[in-house]
Amino acid sequence: MKGRYSLQLVLALVLLGTVLLCSVFAPLLAPYDPITPDMTVCLQGPSAAHWLGTDALGRDMLSRALYGGRGCILVALAATVLSMAFGMLVGVLGGWFGGWADWVLTVFANIFQGLPGTCLMIAIAGVLGPGVPNLVFALVLTSWAGFSRVVRTETLRIREQSYIEGLRVLGAGPVRLLVCHVLPNLLPNVVVLFTTRVGRCVLSVASLSFLGLGLRPPAPDWSVMINDARLNYRSAPHLILVPGMCILLLLLGINLLGDALRDRLDVRNQEAKEL
């Protein structure tokens, strides 16, 4: 089992490392400008000059694929970090203090979690208009409740532990208990949840950008490339295969990393191994 987990973690790191490095060093790796069109080489298949072919405007698909992960990954990371921060704040406060504060915060979280996330994102992005800030706002508004519920449940469990009661007796205040004891014990679950949420945010960004509510042309984004390929993908299938494979590899790496971290950080699995 340990060997399988190690192989899974290595594969996840290789996939994610490759995608991230290609995105970061796209200006050095891209052979052509990803935005400038060249109508003399429209819809060409893979060749020595253009390894992954060209699109309907003659732009190099390899160059656009290398640049394409930048916007999607940055938006997904920003939205996930903000969602996690707000969700953890609400969950910790509700789980630790309890009472009416917990009731109000829980009802508030349940309202947002009960709404259909995709429809709400489309509605928010449609009302506010396309753009990165509005896209991040829509993602945060529909994602924070999941973090809140998990964090609240774990905070309630940690609050009832005997060592927390002992620290209270010794005079430890709520701020010290939260910062030094509750938050460190929340990290394993939060890290695993963070990886899964990043994957969902990547799909959400791709979906909204495909609908024209997120990143928009001429940005060399993978979802924008898929949207641009709708008219010509039958005669030039590489137009949709290239960005589709990029999104698939990124999501595969994220999911493998999340599964590996869950297996390694799960306390119940560690206890079972010790027994």
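Above: the structure in question.
Residues numbered from 1 in each chain as written. Predicted model: local features only at pLDDT ≥ 70, side-chain atom pairs only at ≥ 80, totals over all residues. Heavy atoms only, no water.

1. Some thoughts on the packing of helix α3 (residues 61–97) against helix α11 (residues 238–265)
Phase 1: Viewed as axis vectors pointing N to C, α3 and α11 meet at an angle of 40 degrees, and their least axial separation amounts to 10 Å. Regarding the angle of α3 to α11, the classification is oblique. Where α3 crosses over α11, the two elements pack in a sense that is right-handed. Along the contact surface, α3 presents Met-61, Ala-65 and Ile-73, while α11 presents His-238, Leu-239, Val-242, Pro-243, Cys-246 and Leu-250. (Axes fitted to C-alpha atoms, helices over the stretch in contact; angles between N-to-C directions. Helix = DSSP H or I, 4+ residues; strand = E, 2+ residues; numbered from the N terminus. Parallel < 35°, antiparallel > 145°, perpendicular 65-115°, else oblique. Left-handed = near helix turned anticlockwise from the far one by under 90°. Contact = heavy atoms within 4.5 Å.)

2. With respect to the pattern of salt bridges
Phase 1: Within this structure, the stated rule accounts for 6 salt bridges.
Phase 2: In this structure, Asp-55 and Arg-59 form a salt bridge, with 2.8 Å as the shortest nitrogen-oxygen distance.
Phase 3: Taking the relative accessible area as the measure of exposure, Asp-55 reaches 7% and is therefore buried.
Phase 4: On the basis of relative accessible area, Arg-59 is assigned to the buried category, the value being 6%.
Phase 5: Overlapping salt bridges, with partners in common, bring together Asp-55, Arg-59, Arg-64 and Asp-228 in one network. (Salt bridge = Lys/Arg side-chain N within 4 Å of Asp/Glu carboxyl O. Buried < 20%, exposed > 50% of the residue type's maximum accessible area, 1.4 Å probe, protein only.)

3. Regarding the environment of Trp-144
Phase 1: For Trp-144, the location among the structural elements is in helix α7 (residues 144–159).
Phase 2: It is 6.2 Å that separates the C-alpha atoms of Trp-144 and Met-84, two residues lying 60 residues apart in sequence.
Phase 3: The residues touching Trp-144, leaving out its near neighbours within four places in the chain, are Ser-83, Phe-86, Gly-87, Val-90, Phe-108, Ala-109 and Phe-112.

So yeah, pure geometry; function would need other evidence.
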